[in-house]
Amino acid sequence: METAAVAEIRNYTMNFGPQHPAAHGVLRLVLELDGEVVERADPHIGLLHRATEKLAEHKTFLQSVPYMDRLDYMSMTMNEHAYCMAVEKLLGIEPPIRAKYIRVMFDEITRLLNHLLWLGTHGLDVGAMTIFLYCFREREDLMDVYEAVTGARMHAAYYRPGGVYRDLPDCMPQFKAEAGHKDLDYLNANRQGSVLDFIEDFTKRFPALVDEYETLLTDNRIWKQRTVGIGVVTPERAKQLGFTGPMLRGSGFAWDLRKMQPYAAYEHMDFEIPVGKNGDCYDRYLVRVEEMRQSNRIIAQCVDWLKKNPGPVIIENHKIAPPGREAMKSNMEELIHHFKLFTEGMHVPEGEAYAAVEHAKGEFGVYIVSDGANKPYRLKLRAPGFPHLAAMDEMARGHMIADVVAIIGTMDIVFGDIDR
Amino acid sequence: MELLQTFEQMLGPAWVPVWTLVKILAIVLPLMGCVAYLTLAERKIIGWMQVRMGPNRVGYGWLQPIADAVKLMFKEIIIPSGANKALFFLGPVLSIMPALAAWAVIPFTDTLVLANVDAGLLYVMAITSLGVYGVVVAGWASNSKYAFLGALRSSAQIVSYEIAMGFALVGVLMSAQSLNLVEIVEAQKGGFWQWYWLPLFPMFLVYLISGVAETNRAPFDVAEGESEIVAGFHIEYSGMAFAVFFLAEYANMILIAALTSIMFLGGWLSPFPGIPDGFIWLAAKMSFVLFLFLWFRATFPRYRYDQIMRLGWKVFIPVTLVWLVLEGAFMQTPLGYLFH
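Bear in mind that the values here come from a model prediction, so they are computed numbers and not experimental data.

Draft legend 1. Representation of the overall build of chain B. Within chain B, the regular secondary structure consists of eleven helices and zero strands. The N-to-C order of helical and strand elements in chain B reads α-α-α-α-α-α-α-α-α-α-α. For 340 residues, the compact-globule formula gives about 20 Å, and the C-alpha radius of gyration of chain B, at 21 Å, lands near that figure. On the principal axes, the C-alpha backbone points of chain B span a range of 65 × 60 × 40 Å. Out of the 340 residues belonging to chain B, those deemed buried represent 51%. For chain B, the proportion of contacts with a sequence separation of at least 24, taken over those separated by at least 6, is 76%. Distance from the positive charge centre (18 side chains) to the negative charge centre (20 side chains) of chain B: 12 Å.

Rendered as structure tokens:
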């Protein structure tokens, strides 16, 4: 045979992850390489599977809320939001208007948290180190807000079916004197008022900080060389692949659930939807950066409204929301409600409901089937990252290893929600 | 001096090797100290650029390099099961050896130089090119796909940047009309505006950037590329074997800084006439170049491997070639003095 004389050339197969600094968790990517060029990218999932959907079938509706935080652990309250909206739909209730505004504000704070983390790690993946620390500086402030309001820096468990757990506190925790904190007054300067004052101060500072990030990256030649034309997805293909969120908008579709089917208080908000042109990593970068500016605008509007309009933050129906402490201690009926709610939980009428929010990464949906019991018969989660990751092969084929890293970064993958 | 002569008589024929060894140690030991504190400087400076503190615990940060060194010395060197043992250990040795050997011809002042050889420039070029073998051997011997990719990238990169660097230095030797490093510096006498960075400005830039690429520093750190191929060629190295690579990288950085200062920034010469020359000027210039290295690392994203090659072959080499021709042509005209 003639071919016997030719040396057999095989492609290099490489395991990219699951322990890899750019794998964003536990992505295992089997890459078939021709030199450095990717011939095939095969994402393997399931290494972070925690059976959230199954667990929810054995938990009361309330007990599942904290599980939602741990799905996409970078956009905690948004996951809760979709879940609470689905339960509310089944219950046929509406949260009070103030709760809606608080939810919108926290959704947007969470979007900032998510996008800041995304920008930092994406930069780090592409080799820009400083942006990572700049972004984490701002994340720290937002996490302080989280902690002040919900008690936890990340896994908030703040939203409830029917509203939010409690109103925003009147004071912002301050730094205390300890070794190393010499400039205490400086650190506490914007923490003198309420949480809302602190957030307002943040919204005023933040646009200049985004400018700072953009100075480092947007016009940087190396950054552009690394992202322009990488991982291009045409608008048609993006739709066929089931892309949502910035991945879809980067390809040029102005699709945003906050505008298309406004939920909570989004119909009262004034904001714009940034849209990309070429559907490459650079456009998705620009889209997300602009989204940060728009989120900041929304937060500022919410702060303004929340300062003027006090009111209840959770519905008064004690079959769904617990009664106040005082009432519970002095009133038999409230005590029974309290006991029943925290032992048996709320009963949700038979039926099924789907609720979706514009999550930081795309459309995050919760589909609940209820048989009338105190826990869901079936819970299905639509994770935005899953279809994005499924496009890995298509996006990475023909690019180099270094581009695979940029593409993983641009997908904004978090395995908490892909593996669920 | 008398003491030295006494020793010389005592040792007899053994004097030459002993005295050379002493001189070598007098260069290498301070160099190792510089490497150690360059790592601290890097962490501190980048720390400040990134709104954080940098190391501030072990002796307020000042003992951090020593703590690191002690830690690495006591760590186990893990040898991967499929590795070629001999080559695995040869790799780090091959990379540190040239990084130290090149210092033999570096003049610290007009008299303070270990070996004032006439072909000093050639020697430096030859020795620094050897460094890549350490990387290649290490990448191959580790029997790891990541390390292998790192080795491939590194060899391709260093080979192409070596050429641009070489051409940039040809410009210097045309101006100085000598390969002797001391004479190259002497030829730049006359203050800041007489140094070669001005007439050879494109060469200076090419040399500086190629130097960053040559030492595998950001934004050209594709051989390590921690977010792509994790640590590249030294992914399988631990303990002191890793530390040796680390030492080599930083020793190379200092070397490139020294060479840049000597070739283009007038070495130990003072920038203003009237102020005495001295080693302090060389140190200041090297510190400036090293600061640039750190600044680059804090600012730039990483190039992709093929983009680095493109920059090397399609930009730097043509730029140096064109400038060489221009320089050669100008030197034949009455304006030639501009280049001397």
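Picking up where we left off.
Draft legend 2. Expanded view of the side chain of Glu214 of chain B. By secondary structure assignment, the location of Glu214 of chain B is in helix 8 (residues 201–214). Contacts of Glu214 of chain B, omitting those with residues within four sequence positions, involve Thr128, Ile158, Tyr161, Glu162 and Met165 of chain B.

Draft legend 3. Structural detail: the environment of Asp277 of chain B. With respect to the helices and strands, Asp277 of chain B occurs in the loop between helix 9 (239–264) and helix 10 (279–299). It is 9.3 Å that separates the C-alpha atoms of Asp277 of chain B and Gly267 of chain B, two residues lying ten residues apart in sequence.

Draft legend 4. Broad picture of empty space enclosed by the protein. Residues and elements named next belong to chain B. Under the counting rule described, the total for this entry stands at two cavities of 30 Å³ or more. Taken together, 20 residues line the largest cavity, and the ones lying closest to its centre are Val135, Glu214, Thr215, Asn216 and Asn252. Elements that contribute at least two residues to the lining of the largest cavity include exactly helix 4 (85–101), helix 5 (120–141) and helix 9. Residue composition of the lining of the largest cavity, by class: ten nonpolar, seven polar and three charged. Of the pockets and cavities examined, the second largest cavity occupies roughly 60 Å³. Where the lining of the second largest cavity is concerned, the elements lending two or more residues are helix 5, helix 6 (145–176), helix 8 and helix 9. Here the lining of the second largest cavity is composed, by residue class, of seven nonpolar, one polar and two charged.

Draft legend 5. How the structure looks around the interface of chain B and chain A. Taken together, the 27 residues of chain B in the interface contact 35 residues of chain A. Between chain B and chain A, a total of about 2,700 Å² is buried, with carbon and sulfur atoms accounting for 58% of that surface. Put simply, chain B and chain A have two salt bridges between them. Residue Arg304 of chain B pairs with Asp403 of chain A through a salt bridge whose shortest N-O separation is 2.9 Å.

Draft legend 6. Representation of the pattern of salt bridges within the structure. Residue and element names in this part refer to chain A. In this structure the tally under the stated criterion is 46 salt bridges over all chains. For Glu344, the salt bridge identified is with Lys340, shortest N-O distance 2.5 Å. With relative accessibility at 42%, the residue Lys340 sits in the partly exposed group. Shared partners join several salt bridges into a network, and the residues in it are Glu108, Arg111, Arg249, Asp256, Arg258, Glu291 and Glu358.

Draft legend 7. Up close: unusual backbone geometry. The phi dihedral of Asp412 of chain A falls on the positive side, at around 55°, and the residue is not glycine. Structurally, the position occupied by Asp412 of chain A is in the loop between helix 17 (401–411) and helix 18 (415–419). Note on Asp412 of chain A: relative accessible area 4%, which makes it buried. In the Ramachandran plot, Val51 of chain B falls in the positive-phi region, its phi being about 45° despite a non-glycine side chain. Mapped onto the fold, Val51 of chain B is located in the loop between helix 2 (15–49) and helix 3 (64–73). The class for Val51 of chain B is partly exposed, based on a relative accessible area of 47%.

Draft legend 8. Up close: the packing of helix 7 (residues 195–217) of chain A against helix 12 (residues 281–308) of chain A. Residues and elements named next belong to chain A. Running from N to C, helix 7 and helix 12 point in directions that differ by 165°, and their axes come no closer than 9 Å. Taken together, helix 7 and helix 12 sit at an angle that is classed as roughly antiparallel. By crossing handedness, the relation of helix 7 to helix 12 is classed as left-handed. Residues of the contact of helix 7 with helix 12, tallied by class, amount to 15 nonpolar, two polar and six charged.

Draft legend 9. Local environment of the pairing of strand 2 (residues 28–34) of chain A. Inspection of the sheet shows strand 1 (residues 12–16) of chain A paired to strand 2 of chain A by five bridges, in the antiparallel sense. When the bridges of strand 2 of chain A are listed, Phe16 of chain A appears paired with Leu29 of chain A.

Draft legend 10. Spotlight on the sheet that holds strand 8 (residues 378–382) of chain A. Residue and element names in this part refer to chain A. With antiparallel pairing, three strands are arranged side by side in an open sheet as 6-7-8. Since the sheet does not close on itself, it has two edges, and those belong to strand 6 (351–359) and strand 8, each with one partner. Along the sheet, successive strands turn relative to each other by an average axial angle of 10°, direction set aside. By the bridge criterion, five bridges tie strand 7 (residues 362–370) to strand 8 in an arrangement that is antiparallel. Across the sheet, Ile368 pairs through a bridge with Leu379, a residue of strand 8. The sheet contacts of helix 3 (residues 76–91) involve strand 6, strand 7 and strand 8, and relative to strand 6 the element is tilted by about 150°.

Cut-offs and rules
Residues numbered from 1 in each chain as written. Chains lettered and ligands numbered in written order. Predicted model: local features only at pLDDT ≥ 70, side-chain atom pairs only at ≥ 80, totals over all residues. Heavy atoms only, no water. Helix = DSSP H or I, 4+ residues; strand = E, 2+ residues; numbered from the N terminus. Rg over C-alpha atoms; globule rule 2.2 N^0.38 Å. Buried < 20%, exposed > 50% of the residue type's maximum accessible area, 1.4 Å probe, protein only. Contact = heavy atoms within 4.5 Å. Lys, Arg positive; Asp, Glu negative; His and termini not counted. Charge placed at Lys NZ, Arg CZ, Asp CG, Glu CD. 1 Å grid on protein atoms, 1.4 Å probe; cavity = no way out; pocket = protein on both sides within 12 Å on 5 of 7 lines; lining within 4 Å. Points joined across faces, edges and corners; volume = space filled by probe spheres on them. Nonpolar A, V, L, I, M, F, W, Y, C, P; charged D, E, K, R; others polar. Buried area = accessible area lost by both parts, 1.4 Å probe. Salt bridge = Lys/Arg side-chain N within 4 Å of Asp/Glu carboxyl O. Axes fitted to C-alpha atoms, helices over the stretch in contact; angles between N-to-C directions. Parallel < 35°, antiparallel > 145°, perpendicular 65-115°, else oblique. Left-handed = near helix turned anticlockwise from the far one by under 90°. Pairing = 2+ DSSP bridges.

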